[in-house]
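These are the residues of each chain, in order.
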Amino acid sequence: MPGGGQFRTVVYYGPWQCSSQFMTYCREKCAGSGHALQGCMWLADVKMDFEGTVVRAGSRFGMTNCCCNYGTLSPALNKAARDKWDDSRPAFREQWAKRFGAWPSENGTPYEGHHIRDLWHGGNPTDWDNIIPFPKDIHQTLFKLYNQCYANSPPWTTVGTDYPYGE
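Criteria and thresholds
- Residues numbered from 1 in each chain as written.
- Predicted model: local features only at pLDDT ≥ 70, side-chain atom pairs only at ≥ 80, totals over all residues.
- Heavy atoms only, no water.
- Disulfide = S-S within 2.5 Å.
- Helix = DSSP H or I, 4+ residues; strand = E, 2+ residues; numbered from the N terminus.
- Buried < 20%, exposed > 50% of the residue type's maximum accessible area, 1.4 Å probe, protein only.

Student: Quick one: what's the story with the state of the cysteines, residue by residue and with numbers?
Tutor: As used here, a disulfide is simply a covalent bond connecting the sulfur atoms of two cysteines. In this structure the tally under the stated criterion is 4 disulfides. The side chain of cysteine 18 participates in a disulfide bridge whose partner is cysteine 40; the two sulfur atoms lie 1.9 Å from each other. Taking the torsion about the S-S bond as the criterion, the cysteine 18 to cysteine 40 disulfide, at about -80°, is left-handed. With cysteine 18 in the loop between strand S1 (6–17) and helix H1 (20–32) and cysteine 40 in strand S2 (residues 37–51), the pair connects residues that are 22 residues apart, well separated along the chain. Across the pair, cysteine 40 and cysteine 18 agree in class, each one buried. With a sulfur-sulfur separation of 2.1 Å, cysteine 26 is cross-linked through a disulfide to cysteine 66. Linking cysteine 26 and cysteine 66, the disulfide has an S-S dihedral of approximately -70° and is accordingly described as left-handed. One end of the pair, cysteine 26, is in helix H1; the other, cysteine 66, is in strand S3 (residues 56–68), and 40 residues separate them in sequence. Here cysteine 26 matches cysteine 66 in class, with each residue buried. In the protein, the bonded cysteines, numbered by position in the sequence, are linked as 1-4, 2-5, 3-7, 6-8.

Remember, this is a structural readout, not a statement about activity or role.
As structure tokens, then:
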């Protein structure tokens, strides 16, 4: 950073039940687009800290999937959205690196890009606010959990704690 100091970003990965604040946010988000909330999933918490010579500061940003009763895409439209993501993935990761540092990886294998609002339910395949890097092992479990959330099934229909992890 000019003038000294550095940023440190740590991502805590869920998924967890949404806090009451996130559940309210999702209820309002769904209602605002004419949909009903079926569940809420807290996917990750991004913690950003800055430490400089004069000041120390930090922030948190929770990333949630609001499981509204969205319609689903046809297989052809879902494939088109997936193809758009596949084509843009390398450039997206390059842009990510310019903004936040290298795209995360584990043992040389890049994390998978997770679409918060999944493509099948109309999520934008290339929107910055809809994609987060996810470790493969956790990412692979999300499909089943998303199905539970969109089916209005527990535990995604009940409120969880304010901070489900320890630092």
